[in-house]
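# Remarks on the overall topology
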Amino acid sequence: MNLILLGPPGAGKGTQAAKIIEKYDIPHISTGDIFRDNIKEGTDLGKRAKEYMDKGELVPDSLVIEIATDRLTKDDCKNGFLLDGFPRTVDQAKALDEFLAGRGDKVDHVLDIEVPKEELMTRILGRRVCRKCGATYNIPNMPPKVDGICDVCGGELMQRADDTRETVENRIEVYDSQTKPLLDYYKEAGVISRLDGTTGLENVFGVIVGILGD
Ligand code: AP5
Ligand code: MG
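## Some thoughts on the side chain of Asp112
As for its placement among the helices and strands, Asp112 is situated in strand 4 (residues 109-114). Ignoring anything within four residues of it in the chain, the contact list for Asp112 reads Leu6, Gly7, Tyr175, Leu183, Ile192, Ser193, Arg194 and Leu195.

## Observations concerning the packing of helix 2 (residues 31-41) against helix 3 (residues 44-53)
With their axes 8 Å apart at the nearest point, helix 2 and helix 3 run at an angle of 120° to one another. Here helix 2 and helix 3 pass one another in a crossing that is left-handed. Between helix 2 and helix 3, the residues in contact are Gly32, Phe35, Arg36, Asn38 and Ile39 and Leu45, Gly46, Ala49, Lys50 and Met53, respectively. Its residues placed into classes, the contact of helix 2 with helix 3 shows five nonpolar, three polar and two charged.

## Quick look at the sheet that holds strand 5 (residues 127-130)
Here we have three strands laid out as an open sheet, ordered 6-5-7, and antiparallel in their pairing. With partners counted over all chains shown, the strands left at the sheet margins are strand 6 (136-138) and strand 7 (157-158), one partner each. Where strand 5 lies against strand 7, two bridges are found, and the strand directions are antiparallel. From the neighbouring strand, Cys130 faces strand 7, where its bridge partner is Leu157.

## A short note on the site of ligand 1
The full set close to ligand 1 counts 34 residues, and Thr15, Glu57, Arg88, Arg127 and Arg171 are the nearest of them. A distance of 2.8 Å separates a nitrogen atom of ligand 1 from a polar backbone atom of Gly85. Burial of ligand 1 by the protein amounts to 96% of the accessible area it has alone, namely 1,100 Å². Taken together, the elements giving at least two residues each to the shell around ligand 1 come down to helix 1 (13-24), helix 2 and strand 6. Its residues assigned to classes, the shell around ligand 1 shows 12 nonpolar, 13 polar and nine charged. Structurally, the shell around ligand 1 is a two-domain feature, drawing no fewer than three residues from each of domain 1 (2-116 + 165-212) and domain 2 (127-162).

## Side note on the nonpolar core
Formed by 29 residues in total, the largest nonpolar core has its most connected members in Ile4, Leu6, Leu83, Leu96, Val110 and Tyr186. Residue assignment for this core shows that the elements contributing at least two residues are strand 1 (2-6), helix 3, helix 4 (61-72), strand 3 (81-84), helix 5 (90-101) and helix 8 (181-189). With six residues, helix 4 is the single largest residue contributor to this core. Filtering out sequence-adjacent residues up to four positions away, Leu96 remains in contact with Ile4, Leu72, Leu83, Phe86, Pro87, Val107 and Tyr186. Ranked by size, the runner-up nonpolar core spans 22 residues in total, among them Leu5, Ile113, Leu195 and Val204.

## A word on the environment of Leu182
Examined against the element boundaries, Leu182 turns out to sit in helix 8. Sequence separation between Leu182 and Ile192 is 10 residues, and the spatial gap between their C-alpha atoms is 10.0 Å. The contact partners of Leu182, leaving out residues within four places of it in the chain, are Leu6, Pro87, Arg88, Thr89, Val90 and Ala93.

## Looking at the sheet that holds strand 3
The five strands lie next to each other as 2-3-1-4-8, forming an open sheet whose pairing is parallel. The open sheet has two edge strands, strand 2 (28-30) and strand 8 (192-196), and neither has a second partner. The sheet shows a mean angle of 20° between the axes of neighbouring strands, taken without regard to direction. Across the sheet, helix 2 touches strand 2 and strand 3, and the angle it forms with strand 2 is around 70°.

## Re the domain arrangement of the protein chain
Once the domains are mapped, the protein chain shows domain 1 (2-116 + 165-212) and domain 2 (127-162). Using C-alpha coordinates to define each centre, domain 1 is positioned 22 Å away from domain 2. With eight residues of domain 1 in contact, the opposing surface of domain 2 contributes six residues. For domain 1, the biggest contributors to the area lost against domain 2 are Arg36, Arg171 and Leu201; these three give 55% of the whole.

## Some words on unusual backbone geometry
In this model, Phe86 is joined to Pro87 through a cis peptide bond whose omega is -5°. Assignment of secondary structure puts Pro87 in the loop between strand 3 and helix 5. A cis geometry characterises the amide bond from Ile139 onward to Pro140, with omega recorded as 10°. Positionally, Pro140 belongs in the loop between strand 6 and strand 7. Despite not being glycine, Asp25 shows a phi value in the positive range, around 55°. With respect to the helices and strands, the residue Asp25 is situated in the loop between helix 1 and strand 2. By relative accessible area, Asp25 is classed as exposed at 69%.

Rules used in this analysis
- Residues numbered from 1 in each chain as written.
- Chains lettered and ligands numbered in written order.
- Predicted model: local features only at pLDDT ≥ 70, side-chain atom pairs only at ≥ 80, totals over all residues.
- Heavy atoms only, no water.
- Helix = DSSP H or I, 4+ residues; strand = E, 2+ residues; numbered from the N terminus.
- Contact = heavy atoms within 4.5 Å.
- Axes fitted to C-alpha atoms, helices over the stretch in contact; angles between N-to-C directions.
- Left-handed = near helix turned anticlockwise from the far one by under 90°.
- Nonpolar A, V, L, I, M, F, W, Y, C, P; charged D, E, K, R; others polar.
- Pairing = 2+ DSSP bridges.
- Near = heavy atom within 4 Å.
- Polar contact = N/O pair within 3.5 Å; in protein donor to acceptor, adjacent residues only side chain to side chain.
- Areas by Shrake-Rupley, 256 points an atom, 1.4 Å probe, with all protein chains shown as cover.
- Domains from an automatic or database assignment.
- Core = buried A, V, L, I, M, F, W, Y, C linked by side-chain atoms within 4.5 Å.
- Buried < 20%, exposed > 50% of the residue type's maximum accessible area, 1.4 Å probe, protein only.
- Buried area = accessible area lost by both parts, 1.4 Å probe.

The structure is reproduced here in structure tokens:
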């Protein structure tokens, strides 16, 4: 089961990914998370990616494609994978198709989560992420039981560096201009399903399970 999650910033890709990988037992590959881990560790890759991420711009294709395809060669991807935030440009999608075709494989499903722009900003500004385990919350939609503390591991909750109003505005514009063309790309390939992402976490997940099957 080779899956891709598409959707604008704040659509709920990471939130649904956590549920999908648990049910289907496939690895979650988020290019955004890979870059954030590298920033935390102070690697060269992290330093290069941060320049773009802080502005809400896309990290250059050449860099992203190498990181993503390299990750897909790992053993845990043999029975499928869930890509979150990759591909994000038509060139990235073509590179992925070529890479998969090279091992007799293909993209099976693309799940496009749709949420109106007005709601994206509210969601992202209200997002809190656990520093330790990465669990995601939302003030006021899905708050933690204790203010500032992760329900799962007791870690400290924080805001992402790129979750500022100005950066989010640019991330949404970049999505419209550079990532939306992917919707037609995958429509032509006949693999895309469009989902209403405003119906609540469990409802959205229910629709996804309906599409992917048990
Ligand atoms: P990335 O980390 O992928 O960020 P993004 O695409 O902007 O998406 P987000 O992670 O912000 O949103 P999400 O859809 O995961 O929403 P979430 O589930 O958290 O990328 C960051 C940056 O890295 C990019 O800007 C770029 O610079 C770089 N990058 C990464 N990949 C790249 C690539 N391929 N090419 C080039 N550059 C790349 O939910 C959001 C909030 O809403 C949370 O608070 C959550 O609790 C809440 N929520 C979730 N679902 C619901 C619901 N159903 N109802 C109400 N609230 C909900
Ligand atoms: Mg995410």
